[in-house]
Amino acid sequence: MKVIKRNGELVDFDRAKIVESIRAANDAASNQREKLTKEDIQFIVSRLYERIRKRTGDTSAAEIEDMVSIELMKERAYEVANIYIKNSIKKQKEALEQQ
């Protein structure tokens, strides 16, 4: 499975990057009731992996970010989803500044 990065580069899908992004957002969340366990994060990434695997063609980084956000909200981890989205926007801005 390939991912189209924002700069147009085609790279292999890397589950570890998604796990790390979710973990960072989860660690930054203050609402203890919405915090995810390691198992929750692995489950989300596994669901996401299966969705992407079933698709035809490559998937953009933006599409993956949207899917992750939706999966986080399905788990009622709204604060984690909000932080994840903010982190994604920050990465987008940084990528644009480097161009």
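Look a little higher up for the structure.
A short tour of the structure in this document, coming up. Keep in mind that this is a model prediction, so the values were computed, not measured. (Residues numbered from 1 in each chain as written. Predicted model: local features only at pLDDT ≥ 70, side-chain atom pairs only at ≥ 80, totals over all residues. Heavy atoms only, no water.)

## Focus: the overall build of the protein
Part 1: Scanning the protein from N- to C-terminus turns up 4 helices and 3 strands.
Part 2: Scanning the protein from its N terminus toward the C terminus, one meets helices and strands in the order β-β-α-α-β-α-α.
Part 3: The globule rule puts the C-alpha radius of gyration for 99 residues at 13 Å, and the 13 Å found for the protein is close to it.
Part 4: Dimensions of the protein, computed from the C-alpha atoms along their principal axes, are close to 40 × 35 × 20 Å.
Part 5: In the protein, which comprises 99 residues, the share counted as buried stands at 31%.
Part 6: Here the analysis covers contacts within the protein between residues at least 6 apart in sequence; of these, 58% occur between residues at least 24 apart.
Part 7: Split by element, the accessible area of the protein, about 6,500 Å² in all, is 50% carbon and sulfur.
Part 8: Where the 20 positive side-chain charges of the protein centre and where its 18 negative ones centre are 2 Å apart. (Helix = DSSP H or I, 4+ residues; strand = E, 2+ residues; numbered from the N terminus. Rg over C-alpha atoms; globule rule 2.2 N^0.38 Å. Buried < 20%, exposed > 50% of the residue type's maximum accessible area, 1.4 Å probe, protein only. Contact = heavy atoms within 4.5 Å. Areas by Shrake-Rupley, 256 points an atom, 1.4 Å probe, with all protein chains shown as cover. Lys, Arg positive; Asp, Glu negative; His and termini not counted. Charge placed at Lys NZ, Arg CZ, Asp CG, Glu CD.)

## Quick word on the sheet that holds strand S1 (residues 2-4)
Within a sheet, adjacent strands bond to each other through the backbone by hydrogen bonds, running parallel or antiparallel.
Part 1: Read across the open sheet, the 3 strands follow the order S2-S1-S3; overall the sheet is mixed. Each of the sheet's edge strands pairs with one partner strand only, and the pair in question is strand S2 (10-12) and strand S3 (59-60).
Part 2: The sheet contact formed by S1 and S3 spans 2 bridges and is parallel. Bridge pairing in S3 links Val3 to Thr59. (Pairing = 2+ DSSP bridges.)

## Overview of helix H2 (residues 38-53)
Part 1: Here H2 spans 22 Å end to end across 16 residues, near enough to the 22 Å set by a 1.5 Å rise per residue.
Part 2: Of all the positions in H2, only Ile41, Ile44, Val45, Leu48 and Ile52 are classed as buried. For H2, the buried positions fall inside an angular range of 95° around the axis, keeping them on one side.
Part 3: Where H2 is buried, its residues meet helix H1 (15-28), S3 and helix H3 (61-74). (Expected span 1.5 Å × (residues − 1). Arc of directions from axis to C-beta.)

## Examining the packing of aromatic side chains
Part 1: Taken as a whole and judged by the stated rule, the model has 1 aromatic pair.
Part 2: Aromatic side chains Phe13 and Tyr49 sit 5.6 Å apart centroid to centroid with 55° between the ring planes, which places their arrangement in the tilted category. Of the two residues, Phe13 is situated in the loop between S2 and H1 and Tyr49 in helix H2; the sequence distance between them amounts to 36 residues.
Part 3: Between Arg15 and the ring centre of Tyr49, over which it is positioned, the NZ or CZ distance is 4.6 Å. (Phe/Tyr/Trp six-rings, centres within 6.5 Å; stacked < 30°, edge-to-face > 60°. Lys NZ or Arg CZ within 6 Å of the ring centre and 35° of its normal.)

## So, the packing of H3 against helix H4 (residues 78-97)
Part 1: Packing of H3 against H4 leaves a shortest axis separation of 8 Å and a crossing angle of 165°. In terms of orientation, H3 and H4 fall into the roughly antiparallel class. Crossing hand, H3 versus H4: right-handed. Here Glu65, Val68, Ser69, Leu72 and Met73 of H3 come into contact with H4, specifically with Tyr78, Val80, Ala81, Tyr84, Ile85, Ser88 and Gln92. (Axes fitted to C-alpha atoms, helices over the stretch in contact; angles between N-to-C directions. Parallel < 35°, antiparallel > 145°, perpendicular 65-115°, else oblique. Left-handed = near helix turned anticlockwise from the far one by under 90°.)

## Focus on the pattern of salt bridges
Part 1: Counting across every chain of the model gives 11 salt bridges.
Part 2: Sharing partners across several salt bridges, the network here consists of Arg47, Arg51, Glu71, Lys74 and Glu75. (Salt bridge = Lys/Arg side-chain N within 4 Å of Asp/Glu carboxyl O.)

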